[in-house]
Amino acid sequence: MHMATSELRGSSLKLTRIESVSPDATVRHVDQLETETLDTFYAAVEGNRPITAAEMGLDAGDVIVGTEYYRVDLM
Amino acid sequence: MTHYVIIGDGISGSSAAETLREKAPDATITVITDEGEPLYNRILIKEHAKGKLPEAPISIHEEGWYEERDIELSLNTHVTSVDTDAKVVHTHDSGDLEYDKLLVATGGTPTQLPVDNSDADGIHHFWTFEDARGIREHAEQSDTGVIVGAGLLGIDFAAVCGAQGIEANYLMRGDRWWRYALSADGAEIMHGGMRDVGVEPVFDSGVDHFETDDDGHVTAAVDPNGDRYECDFAGVAIGLSFNTEFLRGAGLEEDNGIMVDEYMQTNVDDVYAAGDLTRFYDVLLGEQAQNGSWGSAKEQGRIAAVNMAADDEAEQFEWVSSYSITHFDFPFLSFGHPTLGDDHAERKYSDTEWRRIAFKDGKIVGGVLIGDLSPQTAFKQLMREQRVVADQKEVLLEQSVDLDELAPTQEQ
Ligand SMILES: Cc1cc2nc3c(=O)[nH]c(=O)nc-3n(C[C@H](O)[C@H](O)[C@H](O)COP(=O)(O)OP(=O)(O)OC[C@H]3O[C@@H](n4cnc5c(N)ncnc54)[C@H](O)[C@@H]3O)c2cc1C
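Every value quoted in this text rests on a predicted model; they were computed, and no experiment measured them.

**Notes on the site of the ligand**
Okay, step 1: Taken together, 34 residues sit near the ligand, with Asp31 of chain A together with Ser12, Asp34, Glu35 and Asp276 of chain B positioned nearest.
Okay, step 2: The ligand is flanked by residues contributed from chains A and B.
Okay, step 3: Here an oxygen atom of the ligand and a backbone polar atom of Ile11 of chain B are 3.3 Å apart.
Okay, step 4: Ser12 of chain B is positioned with one of its side-chain polar atoms (N or O) 2.7 Å from an oxygen atom of the ligand.
Okay, step 5: Computed on the free molecule, the ligand has an accessible area of 1000 Å², of which 97% lies beneath the protein chains in the complex.
Okay, step 6: For the shell around the ligand, the secondary structure elements donating two or more residues are helix H1 (11-23), helix H7 (294-310) and strand E22 (322-325) of chain B.

**Some details on the confidence of the model for chain B**
Residues and elements named next belong to chain B.
Okay, step 1: This prediction gives chain B a mean pLDDT of 97; 99% of its residues lie at or above 70.
Okay, step 2: Per-element mean pLDDT across chain B ranges from 96 in helix H8 (residues 376-385) up to 99 in strand E19 (residues 271-273).
Okay, step 3: For this predicted complex, the interface score ipTM comes out at 0.94, while the overall pTM is 0.96.

**Describing a negative patch on the surface**
Okay, step 1: A cluster of acidic side chains, namely Asp119, Asp121, Asp213, Asp214 and Asp215 of chain B, defines a negative patch on the protein surface.
Okay, step 2: Among the secondary structure elements, Asp121 of chain B is positioned in the loop between strand E8 (108-110) and strand E9 (123-124).

**Considering the packing of aromatic side chains**
Ring pairs (aromatic) are described by centroid distance and by the angle formed between their planes.
Okay, step 1: Summed over all chains, the structure comprises 12 aromatic pairs over all chains.
Okay, step 2: Residues Phe280 of chain B and Phe317 of chain B carry aromatic rings whose centres are separated by 5.1 Å and whose planes lie at 90° to one another, so their mutual orientation is edge-to-face. Of the two residues, Phe280 of chain B is situated in strand E20 (residues 278-282) and Phe317 of chain B in the loop between H7 and E22; the sequence distance between them amounts to 37 residues. Across this residue pair, the class does not change: Phe280 of chain B and Phe317 of chain B are buried.
Okay, step 3: Put simply, the rings of Phe41, Tyr42 and Tyr70 of chain A pair up and form one aromatic cluster.
Okay, step 4: Sitting above the plane of the Phe129 of chain B ring, Arg133 of chain B keeps its charged end 3.9 Å from the centroid.

Conventions and cut-offs
- Residues numbered from 1 in each chain as written.
- Chains lettered and ligands numbered in written order.
- Predicted model: local features only at pLDDT ≥ 70, side-chain atom pairs only at ≥ 80, totals over all residues.
- Heavy atoms only, no water.
- Near = heavy atom within 4 Å.
- Polar contact = N/O pair within 3.5 Å; in protein donor to acceptor, adjacent residues only side chain to side chain.
- Areas by Shrake-Rupley, 256 points an atom, 1.4 Å probe, with all protein chains shown as cover.
- Helix = DSSP H or I, 4+ residues; strand = E, 2+ residues; numbered from the N terminus.
- pLDDT = per-residue confidence, 0-100.
- Patch = residues over 30% accessible without salt bridge, like charges linked within 9 Å, V, L, I, M, F, W, Y side chains within 5 Å.
- Salt bridge = Lys/Arg side-chain N within 4 Å of Asp/Glu carboxyl O.
- Lys, Arg positive; Asp, Glu negative; His and termini not counted.
- Charge placed at Lys NZ, Arg CZ, Asp CG, Glu CD.
- Phe/Tyr/Trp six-rings, centres within 6.5 Å; stacked < 30°, edge-to-face > 60°.
- Buried < 20%, exposed > 50% of the residue type's maximum accessible area, 1.4 Å probe, protein only.
- Lys NZ or Arg CZ within 6 Å of the ring centre and 35° of its normal.

Right under this line is the structure:
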């Protein structure tokens, strides 16, 4: 299901706030993210800025549970 | 062929099994758990209890995960004792198992309040997926709640009550939530978060006893002041008792946790321990310490496995733990050992932003960030570098922390 990381590396991702999660989603809690990924995640949440896949260490479709639920989407 | 036995299929045991298979392709590996399901995401079960997350994404491993790796998984198997001389693990009704190297990764069990009726129906403790299912089902039908335990696990019950529309009182013994790590300023932000979701913090309180109806269901908590708080739902999270009863007589050194060195070795040959239940030698802190977090448990399992497979002290555990609270509008992160140390610095930046840094011998050993988590990378880096920075608190308390502003480290 997930694209190969190499395909994604150059592409930009964004976080989309979601209200519900589909049963087949990959869901992670913020405490499962590496320190740097966590930083990027919060910067993206705050600034709403796009992030590159390589920077993020996340796959499109992943759901991250922070103060809200966010889905990682391709721009 | 070496036989590795792992007791516990939480994140520490499971991560050890995965690493052992990578490092020892030919070994026999057995994982024993008394739960009825393989590894799941313990830090997401609160989201299930809140009614926000379905069951499926919480599961991490299917049974097929173990089959693919040729790892023997024994579900519903309770270990009753270990003979460390004969190197045998005894189970309740699944026979005995010989091992060459053993990993104890059995975590803890929530402690019950030592008061009357603390085992009444409707009073919940929270550790397993099964607990979460029960909490969710009951919370959906409940109107009034009481929460006990002013720490990181108690606040999850507050969030469940908030999300499930239960009007709840959060009974705390002291004058604030998590008083060992937060000052009044920091705690006030958390109290605001609780009130926003409909949970009222009650201070200088606690529980003297619970009252029940004729069917044995909880109806109220009465605090030591004699004040009565009606509830049809109660959540108790006053601490963990580590699951080590089965080690009685095994000769392992314990001190409210299993003592291990930085390689996760116990004092008994070929017995290792990992996860919540260890009191490990923290190389950054320079003394024995404990962590109760997912990332740390996962890393301890990995480190134990590396050293078990190498039959040597191949890699040491060096880790800055972190623990988030995501239930409110603002983020919260506790890192390292925020309740330890001999000095601290703190500042409030706004109604939802606060920071505290704990120091020991001039070095950062932990802290708490509320509202703005951006300094976490810098603080964790300073911890790993073990830099003496307590004399430069102003730089560390700047809203935006710039490590270049720190005076260069003096040559010792
Ligand atoms: C509700 C809740 C919320 C949490 N939230 C967070 C969070 O936000 N962030 C964070 O970092 N951490 C959080 N934690 C803590 C985190 O989940 C733990 O630190 C981590 O899961 C510990 O893993 P472990 O492998 O050491 O132990 P455990 O996950 O407890 O695993 C131990 C396993 O051993 C089994 N076992 C015990 N005794 C025996 C026996 N005699 N025989 C066989 N099997 C046995 C147990 O049944 C269990 O499956 C939370 C915990 C809970 C309960």
